[in-house]
Amino acid sequence: MLKKFLDKLNGLHFQQEYLCLAKETMENPLHVYISVQGKALQDITETHVFAGYNPLVFILPSNDKIPTDPFPATQVIFSQNPLTLNEVYREKDAVAKLDMKWVKRLETGHFVYEGMKGQHHFLSKWHQFVIGFENRLFNNKPGNIFLRGNLLQQIQIAYSVPRVISLVTLGSGDKFNVFPTDLNGELDNDHYVISLRKNGKACQQAEMYKKFTLSQVQSKAYKMVYALGKNHMQEPRPKEDWIQSKIFSLFPYPDLPVDTLRYRELEILNFSDLGIHRIFLCKTGPVATLDATRDTLSHIHTAYASWRFNKGLGGNYLLR
């Protein structure tokens, strides 16, 4: 009863924490920039990789204008309107911002940053307080990844950009595992990163097999994809099980999940740990497109979706 009461006070229009949608159908999405000393230096809307949520981890493209350690004032800002690069932006143009700490440089030249603090205007301060109280009251329990303190706001901001939910297929012989992931992204034509929880069976399997397939799927597959989340802690199963459960089909692509739009082969080169995450740097093959006419499954946080609703911005959400 207390949770139901708090739910009525938290300012969220949608009570599901993450809302699925077709990425291509979102109108007027946010623009994302690297900012130093109040100036937007680089548009990274399509070129940053969200690689961790505890702590928040972004992998950003290299840029000589971006200071690294020990410079403390790098920010990632989110704006409804395009900003002019190398000019001071107005504070009201930044609907959300993340203070970032430089961690290291990858061998590809990309920068790994860790989130330090997040601020957003998706909800009032009162509503954010209520949500934080709910989080401490109901989510701080054994077996759950508790987003402590300001980390909750950081995650709400990170998921204000539609994050594509892909499916990993790995295995050998006649046994496979299939599980969803949204913490991954392309660095360049030859390299890709994917982040998995380092204490999960999915992570152990990735290390063991070294190679796997990453598939993007149609938005209509959202219920199936979310249901596969439990497989992060499951062992590989015979191929016949996946066919019977209609995750694989016999024709025309027997080794890919149904509703696959495009896929690529990944091979692990090395990895590093940050917080609960093991971040794999992979060699990637070319993307193979099976269907270019369908929309891609992604999801956003309800805090941002509620802000869009209050602003009269549409969203073709797929409610589970």
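In this report, we go over the structure that sits alongside the text. Nothing here was measured: the structure is a model prediction, and the numbers come from that model.

## A few points about the packing of helix 2 (residues 125-138) against helix 3 (residues 151-158)
Right, so step 1: Between helix 2 and helix 3, the shortest axis-to-axis distance is 10 Å and the interhelical angle comes to 115°. The orientation of helix 2 with respect to helix 3, classified from their angle, is roughly perpendicular. Relative to helix 3, the crossing made by helix 2 is right-handed. Of helix 3, the residues touching helix 2 (which contributes Gln128, Ile131, Gly132 and Asn135) are Leu152, Gln153 and Gln156.
Right, so step 2: Looking at side-chain class alone, the contact of helix 2 with helix 3 contains two nonpolar, five polar and no charged residues.

## Re the side chain of Lys239
Right, so step 1: Inspection of the secondary structure puts Lys239 in helix 6 (residues 239-244).
Right, so step 2: On the basis of relative accessible area, Lys239 is assigned to the buried category, the value being 18%.
Right, so step 3: In contact with Lys239, other than residues within four places in its own chain, are Asp174, Phe176, Phe248, Pro254 and Asp255.

## Topic: unusual backbone geometry
Right, so step 1: The peptide bond linking Asn54 to Pro55 adopts the cis configuration, its omega dihedral lying at 5°.
Right, so step 2: You can see Pro55 is positioned in the loop between strand 4 (49-53) and strand 5 (56-60).
Right, so step 3: At Asn28, a residue that is not glycine, the phi angle is positive and equals roughly 50°.
Right, so step 4: Considering the arrangement of structural elements, one finds Asn28 in the loop between strand 1 (18-22) and strand 2 (31-36).
Right, so step 5: Judged by its relative accessible area of 46%, Asn28 falls in the partly exposed class.
Right, so step 6: One non-glycine residue, Lys246, adopts positive backbone phi at about 65°.
Right, so step 7: As for its placement among the helices and strands, Lys246 is situated in the loop between helix 6 and strand 16 (260-274).
Right, so step 8: On the basis of relative accessibility, which here comes to 65%, the residue Lys246 falls in the exposed class.

Parameters at a glance
Residues numbered from 1 in each chain as written. Predicted model: local features only at pLDDT ≥ 70, side-chain atom pairs only at ≥ 80, totals over all residues. Heavy atoms only, no water. Axes fitted to C-alpha atoms, helices over the stretch in contact; angles between N-to-C directions. Helix = DSSP H or I, 4+ residues; strand = E, 2+ residues; numbered from the N terminus. Parallel < 35°, antiparallel > 145°, perpendicular 65-115°, else oblique. Left-handed = near helix turned anticlockwise from the far one by under 90°. Contact = heavy atoms within 4.5 Å. Nonpolar A, V, L, I, M, F, W, Y, C, P; charged D, E, K, R; others polar. Buried < 20%, exposed > 50% of the residue type's maximum accessible area, 1.4 Å probe, protein only.

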